[in-house]
Amino acid sequence: MSMLKGVIHNLAKLGTRGNPSRSRSAGTKLLLYSEETTKVIFLPKARAFCNSKDLSKNEAEVIKHEHICRGAGKSGTFFDFRSYMLQKIKSVNQALDAAVPIREPIKFHEAMRYSLLSEGKRVCPVLCIAACELVGGQESTAMPAACGMEMIHAVCMMHDDLPCMDNDDLRRGKLSHHKVYGENVTVLAGYSLVALAFEHMTTVTRGVHPKTMVRAVGELARLIGPEGAAAGQVLDLLCGGKSDTGLEELEYIHRHKTADFAEAAAVVGAMLGGASDQEINRLRKFSRCLGLLFQVVDDILDVTKSSEELGKTAGKDLLANKLTYPKMIGIEKSKEYAQKLSMEAKEQLVGFDPEKAAPLLAMTDFVLHRQK
């Protein structure tokens, strides 16, 4: 074992001493100071220790960080991600239900609620709230924006499933929106949810300076517009079936089609929480890695899981001859890339309050190891 690996190994052992390993099967009880998280946090210090001629000085720095890790271990190193997500999802669902009540025209509002309130992971709204809380904000401050994120996300799923787009009959274990309400109502309900997302975000949010709100609205609009998620969807449609498309185009599609939503959620949540520009930039990098990680894992699951397990049609990307990471670089290389993105995402959280960063660290592990 090299000196560098030895330092990291000892730190990892120290951080997990006396605690059971993180459960990778369910991804619910996650260890904040797991071996891979410890590696992210202490790798720079370990490198400095191994590369410097002044070993005594750097050894003192490493020992200093060992004490920090030991102190964290005594104060409780487990983060119950399952309980956290259940609580946040319950809060988000209640807020969404209140934001889109049944009113005239009743059938149309039922159509708006159908996809919006269906069972889902709620990653984007929870990410928005977690980013706000990370920088010192409150859940109540971010909740209207979090609901807006989920409204826009629901629209994208509704429109993605249309015959002119991805042509899918299943979503979240239920019939796709257009299979229940028809294509015309799906389009109109989507328009309405996008408009409502911005209305709800700007009229219900409390305690945020108007300039900050304008900046947040601009950020969200940019990331879902013609240079954001829409651009990713367009290129995805144009490149389908082409044999001369490379990894650069594939990454562009996924970074915009999927990662831009994660970026919008984290950046807007951070802005509403009063983050500094430096904090916003770090969360921007974190969310870009997390969003791309989500899509890489999605590509892998599409070819390794059944429709029943996924709650949507499995293998549809392969049948449609779409660009995916497994198709371009194979499943094993895709898994390696997912691990790399997970590590890069976690590196951006170093320096934040560990307790407040715990949900985002755990969310990264959840996205990496999810099974549907």
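Residues numbered from 1 in each chain as written. Predicted model: local features only at pLDDT ≥ 70, side-chain atom pairs only at ≥ 80, totals over all residues. Heavy atoms only, no water.

### Section: the packing of helix α6 (residues 123–134) against helix α18 (residues 354–369)
Remark: α6 packs on α18, axes separated minimally by 8 Å, with the N-to-C direction vectors making an angle of 150°. With respect to α18, the element α6 is oriented roughly antiparallel. Where α6 crosses over α18, the handedness of that crossing is left-handed. The residues of α18 that touch α6, namely those facing Val123, Val126, Leu127, Ala130, Glu133 and Leu134, are Lys356, Ala357, Pro359, Leu360, Met363 and Phe366. Here the residues of the contact of α6 with α18 sort into 10 nonpolar, no polar and 2 charged. (Axes fitted to C-alpha atoms, helices over the stretch in contact; angles between N-to-C directions. Helix = DSSP H or I, 4+ residues; strand = E, 2+ residues; numbered from the N terminus. Parallel < 35°, antiparallel > 145°, perpendicular 65-115°, else oblique. Left-handed = near helix turned anticlockwise from the far one by under 90°. Contact = heavy atoms within 4.5 Å. Nonpolar A, V, L, I, M, F, W, Y, C, P; charged D, E, K, R; others polar.)

### Overview of the pattern of salt bridges
As enumerated under the stated definition, the model contains 19 salt bridges in all. Between Arg284 and Glu219 there is a salt bridge whose closest N-O contact spans 2.6 Å. Taken together, the positions of Arg284 in helix α13 (residues 277–304) and Glu219 in helix α10 (residues 210–224) put the pair 65 residues apart, joining distant regions of the chain. For Glu251, the salt bridge goes to Arg255, with nearest N and O atoms at 2.8 Å. Taken together, the residues span about one helical turn, with Glu251 and Arg255 both in helix α12 (residues 247–272) at a distance of 4 residues. Salt bridges sharing common partners tie together Glu219, Arg222, Glu263, Arg284 and Arg288. (Salt bridge = Lys/Arg side-chain N within 4 Å of Asp/Glu carboxyl O.)

### Quick notes on the environment of Met112
Inspection of the secondary structure puts Met112 in helix α5 (residues 106–116). With relative accessibility at 5%, the residue Met112 sits in the buried group. In this structure, the C-alpha to C-alpha distance between Met112 and Ala154, residues 42 residues apart in sequence, is 9.2 Å. Aside from chain neighbours lying at most four places away, what touches Met112 is Val100, Ala189, Ser192, Leu193 and Leu196. (Buried < 20%, exposed > 50% of the residue type's maximum accessible area, 1.4 Å probe, protein only.)

### Overview of the side chain of Asp299
Examined against the element boundaries, Asp299 turns out to sit in helix α13. You can call Asp299 buried: its relative accessible area is 1%. A polar contact is formed between the side chain of Asp299 and the side chain of His254, at a distance of 2.9 Å. (Polar contact = N/O pair within 3.5 Å; in protein donor to acceptor, adjacent residues only side chain to side chain.)

### Some words on the confidence of the model for the chain
For the chain, per-residue confidence averages 82 on the pLDDT scale, and residues scoring 70 or more make up 74% of the total. In this model residues 12–33 is a low-confidence stretch, pLDDT under 50, and it forms 53 contacts with partners more than four residues away in sequence or in other chains. The model gives residues 45–50 a pLDDT under 50, and that stretch makes 17 contacts with residues more than four places away or in other chains. (pLDDT = per-residue confidence, 0-100.)

### Thoughts on the side chain of Ser115
For Ser115, the location among the structural elements is in helix α5. Among residues more than four places away in sequence, those in contact with Ser115 are Ala154, Met158, Arg172 and His177.

### A look at the nonpolar core
Judged by nonpolar contacts, the single largest core of 90 residues is most densely connected at Leu127, Met151, Leu220 and Leu283. Residues contacting Leu127, with those up to four places away along its chain left out, are Ala262, Ala265, Ala266, Phe286, Leu290, Leu360 and Met363. (Core = buried A, V, L, I, M, F, W, Y, C linked by side-chain atoms within 4.5 Å.)

### Considerations on the environment of Ala229
With respect to the secondary-structure elements, Ala229 resides in helix α11 (residues 229–239). The exposure class assigned to Ala229 is buried, which follows from its relative accessible area of 7%. Each C-alpha atom, one on Ala229 and one on His254, is 8.9 Å from the other, the two residues being 25 residues apart in sequence. If near-sequence neighbours (up to four positions away) are discounted, Ala229 is found in contact with Leu223, Ile224, His256, Lys257, Asp260 and Phe261.

### Concerning α18
The end-to-end C-alpha separation of α18 is 21 Å, in line with the 22 Å expected for 16 residues at 1.5 Å each. Counting buried residues in α18 gives 12 out of 16 residues, a clear majority hidden from the surface. Every buried residue of α18 is accounted for by Ala357, Ala358, Pro359, Leu360, Leu361, Ala362, Met363, Thr364, Asp365, Val367, Leu368 and His369. The opening residue of α18, the one whose side-chain oxygen lies 2.9 Å from the backbone nitrogen of Glu355, is Asp353. (Expected span 1.5 Å × (residues − 1).)

### Describing a nonpolar patch on the surface
Taken together, the side chains of Leu170, Leu175 and Val180 make up a nonpolar region of the molecular surface, amounting to roughly 220 Å² of accessible area. Note on placement: Val180 falls in helix α8 (residues 177–181). Among the residues examined, Val180 registers a relative accessible area of 41% and is labelled partly exposed. (Patch = residues over 30% accessible without salt bridge, like charges linked within 9 Å, V, L, I, M, F, W, Y side chains within 5 Å. Areas by Shrake-Rupley, 256 points an atom, 1.4 Å probe, with all protein chains shown as cover.)

### Things to note about the packing of aromatic side chains
Geometry of an aromatic ring pair is reported as the spacing of the ring centres plus the angle between the planes. A full pass over the atoms with the stated rule returns 5 aromatic pairs. Between Tyr325 and Tyr337 the ring centres are 5.4 Å apart and the planes differ by 45°, which places this aromatic pair in the tilted class. Of this pair, Tyr325 sits in helix α16 (residues 325–329) while Tyr337 sits in helix α17 (residues 331–347); the two residues are 12 residues apart in sequence, bridging distant segments of the chain. Summarising the burial analysis for this pair, Tyr325 and Tyr337 share the class buried. Taking NZ or CZ as reference, Lys174 lies 4.0 Å from the ring centre of Tyr114, over its face. (Phe/Tyr/Trp six-rings, centres within 6.5 Å; stacked < 30°, edge-to-face > 60°. Lys NZ or Arg CZ within 6 Å of the ring centre and 35° of its normal.)

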